[in-house]
Amino acid sequence: MKIKADTGRCVGAGMCALTLPEVFDQSEDDGTVVVLDAEPPADAAPAVSRAVQLCPSGALSLEE
Ligand code: SF4
């Protein structure tokens, strides 16, 4: 599983960082998403999927 983040679409809502702070953070400059762990362990998959679905701008996606 690999996380892709489109910072051009990110609106800095912060849902990802709130949901899963081990994997997502936000830029101190503009609040856009910073992926801390783009290839998290398999047991994190449910939480990662939830964070991706919660993103209001569709900036996050997953590759298998
Ligand atoms: S939830 Fe989506 S829009 Fe909000 S900071 Fe994360 S990637 Fe950006």
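Basis of the calculations
Residues numbered from 1 in each chain as written. Predicted model: local features only at pLDDT ≥ 70, side-chain atom pairs only at ≥ 80, totals over all residues. Heavy atoms only, no water. Helix = DSSP H or I, 4+ residues; strand = E, 2+ residues; numbered from the N terminus. Rg over C-alpha atoms; globule rule 2.2 N^0.38 Å. Buried < 20%, exposed > 50% of the residue type's maximum accessible area, 1.4 Å probe, protein only. Contact = heavy atoms within 4.5 Å. Areas by Shrake-Rupley, 256 points an atom, 1.4 Å probe, with all protein chains shown as cover. Lys, Arg positive; Asp, Glu negative; His and termini not counted. Charge placed at Lys NZ, Arg CZ, Asp CG, Glu CD. Arc of directions from axis to C-beta. Patch = residues over 30% accessible without salt bridge, like charges linked within 9 Å, V, L, I, M, F, W, Y side chains within 5 Å. Salt bridge = Lys/Arg side-chain N within 4 Å of Asp/Glu carboxyl O. Near = heavy atom within 4 Å. Nonpolar A, V, L, I, M, F, W, Y, C, P; charged D, E, K, R; others polar.

Engineer: Just checking my understanding: could you explain the overall build of the protein for this structure?
Structural biologist: When you go through the protein residue by residue, the secondary structure sums to 2 helices and 4 strands. Computed over the C-alpha atoms, the radius of gyration of the protein is 10 Å, within 12% of the 11 Å expected from 2.2 N^0.38 for a compact globule of 64 residues. With the C-alpha coordinates aligned to their principal axes, the bounding extent of the protein is approximately 30 × 20 × 15 Å. Looking at the protein as a whole, 34% of its 64 residues qualify as buried. A separation of at least 24 residues holds for 55% of the contacts in the protein among residues at least 6 apart in sequence. Just so you have it, the protein exposes about 3,900 Å², and 48% of that area is on carbon and sulfur atoms. Computing the positive centroid from 4 side-chain charges and the negative centroid from 11, the protein places the two 9 Å apart.

Engineer: Explanation requested: helix α2 (residues 45-54) in the structure shown.
Structural biologist: Buried residues of α2: A47, V48, A51 and V52, and no others. What you see down the axis of α2 is that its buried residues fit within an arc of 140°, all on one side. Exposed positions of α2 whose direction lies more than 90 degrees from the buried face are P46 and Q53.

Engineer: When you look at a negative patch on the surface in this model, what are you seeing that I'm missing?
Structural biologist: Residues D25, E28, D29 and D30 make up a contiguous surface patch of negative charge. Under the relative-accessibility criterion, D25 is labelled partly exposed at 37%.

Engineer: Whenever I open this one, the site of the ligand confuses me. Can you help?
Structural biologist: Around the ligand, the surrounding shell holds 13 residues, and the nearest of these are C10, A13, G14, C16 and C55. Class assignment of the residues belonging to the shell around the ligand gives a composition of 10 nonpolar, 3 polar and no charged.

Engineer: Is there a simple way to explain the pattern of salt bridges in this structure?
Structural biologist: It is possible for side chains bearing opposite charge to pair when their charged atoms get close. Scanning the entire structure with this criterion turns up 1 salt bridge. Here E63 makes a salt bridge to K4, at a shortest N to O gap of 3.6 Å. You can see E63 sitting in strand β4 (residues 60-63) and its partner K4 sitting in strand β1 (residues 2-5), a full 59 residues away along the chain. The class for K4 is partly exposed, based on a relative accessible area of 41%.

Read these as layout, nothing more, since geometry by itself doesn't imply function.
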